[in-house]
Amino acid sequence: MFSAKRIESFEYIRVEEMHTFVSRLFGLSGKPVVLVKQLTHLTLTIMIRMVLGNKYFGVSGDDRLGSDSKMSVQELQEMIDEFYGYVKRMKALKKKLDQFHDHVLDEHKRRKEELDKDFVAQGFVDLLLQLADDPDPDVKLTSDAVRGFTQDLISGGTDSSARTVEWAISELIKEPQLIRQATEELDKVVGKERWVEETDIPRLPFLEAIMKETMRIHPVGVLLAPRLAMQDCNVAGYDIRKGTRVFVNIWSMGRDPYLWERPEEFHPERFVGSNINVKGTDFELLPFGAGRRMCPGYSLGLKMIQLSLANLLHGFNWKLPDSTKAEDLSMEEAFGMITPRKFPLVAVMEPRLPHHLYKL
Ligand code: HEM
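What counts as what
- Residues numbered from 1 in each chain as written.
- Predicted model: local features only at pLDDT ≥ 70, side-chain atom pairs only at ≥ 80, totals over all residues.
- Helix = DSSP H or I, 4+ residues; strand = E, 2+ residues; numbered from the N terminus.
- Rg over C-alpha atoms; globule rule 2.2 N^0.38 Å.
- Buried ≥ 20, exposed ≤ 12 C-beta atoms within 10 Å, placed from the backbone.
- Contact = placed C-beta atoms within 7 Å.
- Arc of directions from axis to C-beta.
- Near = placed C-beta within 6 Å.
- Nonpolar A, V, L, I, M, F, W, Y, C, P; charged D, E, K, R; others polar.
- Pairing = 2+ DSSP bridges.
- Axes fitted to C-alpha atoms, helices over the stretch in contact; angles between N-to-C directions.
- Parallel < 35°, antiparallel > 145°, perpendicular 65-115°, else oblique.
- Expected span 1.5 Å × (residues − 1).

It is not clear to me how the overall build of the protein chain should be interpreted in this structure. Could you clarify?
Within the protein chain, the regular secondary structure consists of 11 helices and 9 strands. Computed over its C-alpha atoms, the radius of gyration of the protein chain comes to 21 Å, within 12% of the 21 Å expected for a compact globule of 360 residues. Considering the protein chain as a whole, with its 360 residues, one finds that 32% of them fall into the buried category. Counting only contacts in the protein chain whose residues sit at least 6 apart along the sequence, the fraction spanning at least 24 positions is 71%.

Looking at this structure, how should I read helix α6 (residues 124–133)?
One full turn of an α-helix is made of 3.6 residues, so residues set three or four places apart face in the same direction. Listing the buried residues of α6 in full gives F124, V125 and L128. What you see down the axis of α6 is that its buried residues fit within an arc of 100°, all on one side. Contacts made by the buried residues of α6 are with α3 (35–52), α5 (90–115) and α7 (143–174).

Help me out: how do you make sense of the site of the ligand in this one?
In the region of the ligand, 23 residues are neighbours, and G156, G157, G289, G297 and G301 sit closest. Of all the secondary-structure elements, those providing two or more residues to the shell around the ligand are α7 and α11 (298–315). By residue number, the principal contributor to the shell around the ligand is α7, which donates 7 residues. Grouping the amino acids of the shell around the ligand by side-chain chemistry returns 12 nonpolar, 9 polar and 2 charged.

What exactly am I supposed to notice about the sheet that holds strand β8 (residues 316–319) here?
Within a beta sheet, neighbouring strands are joined by backbone hydrogen bonds and run either parallel or antiparallel to one another. With respect to topology, 3 strands assemble into an open sheet ordered β1-β9-β8, the strand pairing being antiparallel. Strand pairing shows two members of the sheet lacking a second neighbour, β1 (32–34) and β8, which therefore form its edges. Direction aside, the axes of adjacent strands within the sheet are offset by 45° on average. Where α3 meets the sheet, it contacts β1 and β9 (346–351), and its direction lies at approximately 50° from that of β1.

Looking at this structure, how should I read unusual backbone geometry?
Most peptide bonds adopt trans geometry, and most residues besides glycine take a negative phi value. Residues other than glycine seldom take positive phi values, yet D116 does so here, at roughly 45°. With respect to the helices, strands and loops of the structure, D116 is situated in the loop between α5 and α6.

What is the right way to look at the environment of R245 in this model?
Of note, R245 is situated in strand β7 (residues 245–246). Taking the C-alpha atoms as reference points, R245 and M230, separated by 15 residues in sequence, lie 9.7 Å from one another.

What is the right way to look at the packing of α5 against α7 in this model?
Packing of α5 against α7 brings their axes to within 10 Å, and their N-to-C directions diverge by 105°. The pairing of α5 with α7 is recorded here as roughly perpendicular in orientation. Counting all contacts with α5, which are made through L97, D98, H101, V104 and L105, the residues of α7 involved are S143, V146, R147, T150 and Q151. Grouping the constituent residues of the contact of α5 with α7 by class yields 4 nonpolar, 4 polar and 2 charged.

Can you walk me through the environment of A182 in this structure?
Mapped onto the elements, A182 comes out in helix α8 (residues 176–189). Taking the C-beta count within 10 Å as the criterion, A182 has 22 such neighbours and is therefore assigned buried. Here the alpha-carbon distance between A182 and I240, two residues 58 residues apart in the chain, equals 44 Å. With residues up to four places along the chain from it excluded, the contact list for A182 reads F206, L207, I210 and L313.

Help me understand helix α9 (residues 205–217), please; the structure alone is not making it clear to me.
Over its 13 residues, α9 runs 18 Å from end to end, which matches the ideal 18 Å to within 8%, given 1.5 Å per residue. For α9, the tally of buried residues reaches 10 of 13 residues, placing the bulk of the element in the interior. Where α9 is concerned, the buried positions are L207, E208, A209, I210, M211, K212, E213, T214, M215 and R216. Close packing links the buried residues of α9 with α7, α8, α10 (250–254) and α11.

Which parts of the structure should I look at to understand the environment of S323?
With respect to the helices and strands, S323 occurs in the loop between β8 and β9. You can call S323 exposed: it has 8 C-beta atoms within 10 Å. Put simply, S323 and L97 are 226 residues apart on the chain and 40 Å apart in space, counted from C-alpha to C-alpha.

For this particular structure, what's the right way to read the pairing of β9?
Along any regular strand, the residues point their side chains to alternate faces of the sheet. Pairing of β1 with β9 involves 3 bridges; the strand directions are antiparallel. Pairing of V33 across the sheet is with A347, part of β9. Judged from the 4 bridges that link them, β8 and β9 form a sheet pairing that is antiparallel. The residue bridging W318 from the neighbouring strand is M349, located in β9.

This is the structure in structure tokens:
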């Protein structure tokens, strides 16, 4: 499902939604904007189109989901926010989400039946349904599992990417010289007559360094999914008995003075020219985890983060509202399944590219 080819086949969705996004921000130029609301709208619409198929959210700006307007993007976003809230509310929420997913699955099944031989899978849901129909599967997918996977994909990819970009902009806005360095690189590689494309990313090492530094100091998952020791073992001198539940705290690893120089400082240069990557092989930096339970969406997550961060820096000058001083900007975290800012970043943007580029 997450093959490089499949992720690439959805590039046009990311391009279209990115364009709608910067165009919407252009309309908000000069006004204080709660950045994460805009970012979550971007990542959620990308995920909905990739997971459910284009039909559920057109580029027309229509905010209703599904052919009979079952739910709006806004409503789905509120449910995802609740999902990351408290377990107490989970049961009522499950009912609401199940209704939505049943509706989605019924529509997809109907479309498959109607199109018969002309049917082509559009999004991840179609692929999951194909796997569920497989008469001879390695692992049988129940309809509950299909609903669960659909929800995992939409919520797993939405907040994680949006919150990471919000943290990146929050750190950068405190250090304007880093924004200057990043925009110099963008102007050199991309120029001022177009938006950043996914193919530009490998030629933007400073942008990559910003992304890694953000994920080192603000990993969205503080603790990886719990592990269970399958046998007695010894890790770094500690005996761990078979059956022990192990929590890996990547937040504290990212700030460990034995691993990082001046760990509390946001200093992207530490990654320029370094071989450390975020793909689960360099154990000091594990924002997507490692091993069999590593995040399956990591390459998609990286693309969404880097492309949106690059275009936010390329397309806009950034400042804090007049009422906030950089040194007073709170960097406190809130507790939860992901680790968002305690106080959402409010920023003011001004366009820095020719205005015709922001038109849809
Ligand atoms: C900034 C982007 C993202 C970050 C930082 C992130 C981080 C993580 C982390 C730390 C884990 C636990 C890994 C472990 O315990 O070893 C995880 C699991 C997971 N992620 Fe992501 N993720 C991101 C984007 C995505 C995207 C785009 C998707 C889906 C399209 C996704 C779907 C999932 C799923 C389904 C799991 C559970 C895997 C399992 O338990 O087997 N994530 N993610």
